[in-house]
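Residue strings, one per chain:
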Amino acid sequence: AETAGTVTEPVAAVEEEEEEEEEEEEEDDLAGRFLRLEQEQNALLRALPPFGEPVSHVYHPLDYAWEPHCDFVRRYCRTPKRVLFLGMNPGPFGMAQTGVPFGEAWHVREWLRVVGGVKKPPSEHPKRPVLGLTCRRAERSEPAPRRTAPRPTRPVDGAL
């Protein structure tokens, strides 16, 4: 009689091998290629000379919030799409918190279901702490300047 389920390798080795194969596949897929491109661009940005006064703090969310950023890209960049991705001016309570180019942590966490750990940046402004996906503050757009109503002009020839 033949014995079913004979194991020739330890289970841990098989699991490690499967994980390595999955990682190799992920590196070759669209999201993996996109993430590699981002890392290359990020390296070029890091090579730029530092800003001078009055800039005191520069946040690099792809360095300290890489995990949620990768989760976002792997979830939503799976297949080619014909899109033009427009983002907001990145602010201290959006991408700076989560690594995701989206307006606020609540939407990233609850609506997009993005997960991942966020580390502290090396230099953090005391008024702009990085709290990651637990950040409760939201980006807000500056309101448009108030315009006063034009003054009514005097009717010409008595017409109203």
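Because the structure is a prediction, the values reported are computed rather than measured.

**Quick notes on the pattern of salt bridges**
Thinking step 1. According to the stated counting rule, one finds six salt bridges in the structure shown.
Thinking step 2. D71 is the partner of R75 in a salt bridge, and the nearest nitrogen-oxygen pair spans 2.9 Å. Here D71 and R75 lie together in helix 4 (residues 66-76), a separation of four residues that amounts to about one turn.
Thinking step 3. A salt bridge links K120 to E124; the nearest nitrogen and oxygen atoms lie 3.3 Å apart.
Thinking step 4. E124 gets classed as partly exposed once you look at its relative accessible area, which sits at 27%.

**What about the confidence of the model for the chain?**
As a general rule, the predicted coordinates of low-pLDDT regions are not to be interpreted in detail.
Thinking step 1. Averaged over the chain, the pLDDT score is 79; the fraction of residues at 70 or greater is 66%.
Thinking step 2. For the chain, the element scoring lowest by mean pLDDT is helix 1 (residues 11-28), at 59; helix 4 scores highest, at 95.
Thinking step 3. Per-residue pLDDT stays below 50 along residues 1-10; that stretch engages in two contacts with residues further than four places along the chain or on separate chains.

**Considerations on the packing of aromatic side chains**
Thinking step 1. As enumerated under the stated definition, the model contains two aromatic pairs in all.
Thinking step 2. Summarising the aromatic geometry, the rings of Y59 and Y64 are spaced 6.3 Å apart at their centres and angled 75° between planes, so their arrangement reads as edge-to-face.
Thinking step 3. Residue class for Y64 comes out buried when judged on its relative accessible area of 5%.
Thinking step 4. Between F72 and Y76, the aromatic rings sit 5.6 Å apart at their centres with planes inclined by 45°, giving tilted as the arrangement. Of the two residues, F72 and Y76 are both situated in helix 4; the distance of four residues between them amounts to about one turn of the helix.
Thinking step 5. Residue F72 is classed as buried on the basis of its relative accessible area, which comes to 14%.

Rules and cut-offs
- Residues numbered from 1 in each chain as written.
- Predicted model: local features only at pLDDT ≥ 70, side-chain atom pairs only at ≥ 80, totals over all residues.
- Heavy atoms only, no water.
- Salt bridge = Lys/Arg side-chain N within 4 Å of Asp/Glu carboxyl O.
- Helix = DSSP H or I, 4+ residues; strand = E, 2+ residues; numbered from the N terminus.
- Buried < 20%, exposed > 50% of the residue type's maximum accessible area, 1.4 Å probe, protein only.
- pLDDT = per-residue confidence, 0-100.
- Contact = heavy atoms within 4.5 Å.
- Phe/Tyr/Trp six-rings, centres within 6.5 Å; stacked < 30°, edge-to-face > 60°.

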